[in-house]
Every structure is written in C-alpha cells, then in structure tokens.
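Summary of structural features
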Amino acid sequence: MTVESVEPEGIQASGLSEPPLAGGGVPLLGHGWPLVRDPLAFMARLRDHGDVVRLKLGPKTVYAVTTPALTGALALSPDYKIDGPLWESLEGLLGKEGVATANGPRHRRQRRTIQPAFRLDAIPAYGSIMEEEAHALTVRWQPGDTVDGTSESFRVAVRIAARCLLRGDFMDERAERLCVALATVFRGMYRRMVVPLGPLYRLPIPANRDFNRALADLHLLVDEIVAERRASGQKPDDLLTALLEAKDENGDPIGEQEIHDQVVAILTPGSETVASTIMWLLQVLAEHPEHADKVRAEVESLTGGRPVGFDDVRKLTYTNNVVVEAMRLRPAVWILTRRAVTDTELGGYRIPAGADIVYSPYAIQRDGRSYRDNLEFDPDRWLPERVKEVPKHAMSPFSTGNRKCPSDHFSMAQLTLITAAVATKYRLEQVAGSDDTTRVGITLRPHRLLLRPVAR
C-alpha cells in the first residue's frame, strides 16, 4: 500500500499540490536502482528536480527534501519524528528504548538525563583521557611503517568514548573488545539496510555468524559494564552514573533494558561517526600537506614545542576550521529519514501522515548554490568574515533542534586534539594499496586508508 492510497481527504481539499516526481526512475524498481548504484550522486542531483520531490522505491512513495531551509524546517517541526527505513534498520543494534530512536516524552526525558555528561563545562573533565589517547595514537605509529587508518581511527574513537563515559577498572581491556565488535557490526548493519534479504541473514554462513557473534559480544560487554558498576557501589561523575540514577516519568528508576539501550545508543553511533571523521581527517592531512603544515605551525606557535594538550583546543582556530571543512565535504552521516506524524505541508507541498521523508547532509553541504568553490577544501571559509556567506542550515554536522547530537562539543574537542597531535608529529603519505574513494555505508568513510607516517 502506498501513501497515495491512504491520502486523507483533508490534504486533498487543502489546495496544496503534490511534489514533482524526480527523474531517473526505472520500471518496477523506481528510483531504488540509481539510489543503490550511486547514492551520493543521485542525492546530489535531486535539487535540480525541485525543493521537495517524490521518489518511488518499488511501490512505495518517499519524499526527498533538497534545500537547507527545508531540511532545517523538517528538523525543527513537531510534525515529523525520527523513523523510517534508516532507523528501523538500526533498531536491532540500538534497541527501541535508547535516545537515538526514541520519540516524544521519552526522548525529552532521556535527553535531560544524558545532557549533563556533555555540557560544555563538563568536557574539561575528559581532557586528560583525550590527551592520553591522542598521543598514544601517534606513539603506536613508527615512521616509515604502514598504518591502517580505518582500524586506528576506530580504536581511538572507541577508547575515548568508553573511557570518558563509562569509567571503570577494566575499561581499557573492554574498549579493545568494543573496537573489534563494532567494526564487524557496522559492516553487517549497512548490508542489512540496503539489501533487505530477511531470512537469508539467518543462514549459518560465515558473514552472518561473524555478525551475530559480534553483536552478541557488544551487548554482553554493555551488560558486564553495567553489572560491574552496580556491584562496585562507585558513582563517578559520568554518563553511566547518570543512567543508573535516572527516574522515569513516574519517578521510578528506569528499567534495565532502557539503561542497556541508552549505553549502546550513546556509545555506538558516536564511535562510528567520530571514527569515520577521523579517517577523513587523516586523508586530508595526507592529500593536503599545505593544510597539515598550517596546523603544525599553529600548534607550535601556541605550545612552543611541548605536546599539544586539551587546554589548547579552543585556541586552535585554524585546526578547528580544518575539522569543520572535513565534516562539510565528507560528513559521516550522509542520509537521514523522518516520518510525518500528521497531514502537513513542507515547501508549499502536501505531505500525508505516515509518509517517509529523506534528506542528505552530504548533498546539502556540497551544493554549489550554498558554497562558493563548493568542492574545494577551504578551511578559511569558516573564518568569521566569510562564514556569513553560508546559508542557515547548510552546515549542520550535528543536526539541529531537539535531535541535535548531545555530544557535539565532546566530539569537536577530540577531533581537534587528534588532528593537532598527528599533524605536529608526522607528515602523512598514502601508500600503494590505499584507496581513499568513498565507501558508502551507514556512514561515509574511505574504502581502505593506508598511510605512511614520516617524522617531521
């Protein structure tokens, strides 16, 4: 059943028109084929067909929003909720009770619970851990050796998240297990999202067994961490303590499943998106040595040769702009979905209740109508005198409204610190076998990033 078949009379009588149908569809599959074959190019071209366009994915109609103003309106309007194919595919990993997939009063209450762990004034408490992990990353590398940028990015992102937000006596060892489990889980999750083969994913073939084993280990690790904290009686000022002491709408302690899902929902997407961004930052330092040199010069002018520290992060203006520009051109989250909860209007077009809406931060942030020299890597576009040129909502790496990522300051601090530490110590080169073309999964990342660090 398509959304047209259940279109309410109120919408028909409203006088609003139906969005135009995007071009490029094929019989039976509609726009599903070009979306699978080259999703980034397909999403980038949609604005040429209209501000809001209809897509046919088999028999289903989906609405795509293509302009910064309308994606902002979509994110800020109560007429839409987190839902749709993307979120449905993630529920097996994130659960149904965590902040990533919850809606309404539950989501608001969960945000209030976790937000203190990510307040701007709470971030300095994590500074020493971020410093340790950023410098440990560079110490592990040996000049002239080949470094796997994918695994190293995952390792540092997971270790920082786990050690900062889920403090415990055995967090170092568990952080390593989380790295292994998450790498396998994310490979399998994207495959299940874009190729929904249902029962075939239950067949006992190696790929399915590896995925199921990694997913089970991830959930077991979370249960171990929660149980250990309860048994210890300790209450460090971290996310896990906040969850264990949280109350529901009736004033009762929240349930074990919600605690579990909250930990997974905070740890998992955050680690994946930060790791993907670190990969692109390493690629930028290798591809644009002129920017790497400027980062190094900024750091050394500030530190005088001592190791860069957390307290330096806010003063590293150019380094921060390099991070922001990397996120603009290669956003970790390239596609998002919402679902209309009522008959509504968007951009002058009617959107019926129950309709799925899709938009692409990748397409929005690379659009030549919003950015001069839109495909050029230019950190200076974020200087105060130039940033005013960027339309509102044309750059929202952490989303906006009540779905804004609560860990935006936390993420920016570690990304800036890691970029500064790497660029100061090494010049990076890609080596034979490296493939920095974009791999489209749940997030965007290089296919295979192999680097040679050269001592400065």
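Our structure is the block above this text.
Overview of the structure. Residue numbers here run from 1 along each chain, matching the order of that chain's written sequence. Given that this is a predicted model, residues contribute local features only at a pLDDT of at least 70 and side-chain atom pairs are listed and counted only at 80 or more, while totals for whole chains, interfaces and linings are drawn from all residues. Working from all heavy atoms in the structure, the side-chain values ignore hydrogens and water.

So, about the sheet that holds strand 1 (residues 52-57). One key point about sheets: their strands pair by backbone hydrogen bonds, in either a parallel or an antiparallel sense. Taking strand neighbours across the sheet as the criterion, the 5 strands line up as 1-2-8-5-3 in an open arrangement whose pairing is mixed. Pairing within the sheet leaves two strands with one partner each, and these edge strands are strand 1 and strand 3 (80-82). Put simply, the sheet's adjacent strands are angled 35 degrees from each other on average, direction ignored. Paired strands, as defined in this entry, are two strands with at least two bridges between them according to DSSP. Segments assigned H or I by DSSP are reported as helices when at least four residues long, segments assigned E as strands when at least two residues long, and all are numbered from the N terminus. In this structure, strand 2 (residues 60-65) lies alongside strand 8 (residues 356-359), joined through 3 bridges in parallel fashion. Paired with Val-62 across the two strands is Asp-356, which belongs to strand 8. Where helices are involved, their axes are fitted lines through C-alpha atoms of the stretch in contact, as for all axes, and angles between N-to-C directions lie from 0 to 180°.

Across 6 bridges, strand 1 lies against strand 2 in antiparallel orientation. Following the sheet pairing, Leu-55 is matched in strand 2 by Val-62. Where strand 1 folds back onto strand 2 in an antiparallel hairpin, the turn is made up of 2 residues, including Gly-58, whose phi is positive at roughly 65 degrees.

Before going further, it helps to examine the packing of aromatic side chains. Classification of ring pairs rests on two measures: the distance between centres of Phe, Tyr or Trp rings, Trp counted by its six-membered ring, which must be within 6.5 Å, and the angle between planes, read as stacked under 30 degrees, edge-to-face over 60 and tilted in between. Summed over all chains, the structure comprises 3 aromatic pairs. An angle of 85 degrees between the planes, with centres 5.4 Å apart, marks the rings of Tyr-126 and Phe-410 as edge-to-face. Of this pair, Tyr-126 sits in the loop between helix 6 (104-114) and helix 7 (127-140) while Phe-410 is found in helix 17 (residues 408-425), placing the two residues 284 residues apart along the sequence. Summary of the burial criterion: residues with accessible area below 20% of their type's maximum are buried, those above 50% are exposed, and those between are partly exposed, where the area comes from a 1.4 Å probe applied to protein chains only. Since its relative accessible area comes to 4%, Phe-410 is described here as buried. With centroids separated by 5.9 Å and ring planes inclined at 35 degrees, the aromatic side chains of Trp-141 and Tyr-426 adopt a geometry described as tilted. Linking Trp-141 in the loop between helix 7 and strand 4 (147-148) with Tyr-426 in strand 9 (residues 426-430), this pair joins segments that are 285 residues apart in sequence. Tyr-426 carries the same exposure label as Trp-141, and that label is buried. Above the ring of Tyr-371, the side-chain terminus of Arg-328 is found at 4.6 Å from the ring centroid. Above the plane of the ring of Trp-280 lies Arg-330, whose end atom (NZ or CZ) is 4.8 Å from the centre. A ring is scored as having a charge over it whenever the NZ atom of a lysine or the CZ atom of an arginine sits within 6 Å of its centre and within 35 degrees of its normal.

One fewer than the residue count of a helix, multiplied by 1.5 Å, yields its expected span. Here helix 8 (residues 149-165) contains 17 residues, and its C-alpha end-to-end distance of 24 Å stays within 8% of the 24 Å for a straight helix at 1.5 Å per residue. For helix 8, the tally of buried residues reaches 15 of 17 residues, placing the bulk of the element in the interior. Counted as a polar contact is a pair of N or O atoms within 3.5 Å, where, for protein atoms, one must be capable of donating a hydrogen and the other of accepting one, and residues adjacent in sequence contribute only when both atoms are in side chains. Sitting at the head of helix 8, Asp-148 places a side-chain oxygen 3.0 Å from the backbone nitrogen of Thr-150.

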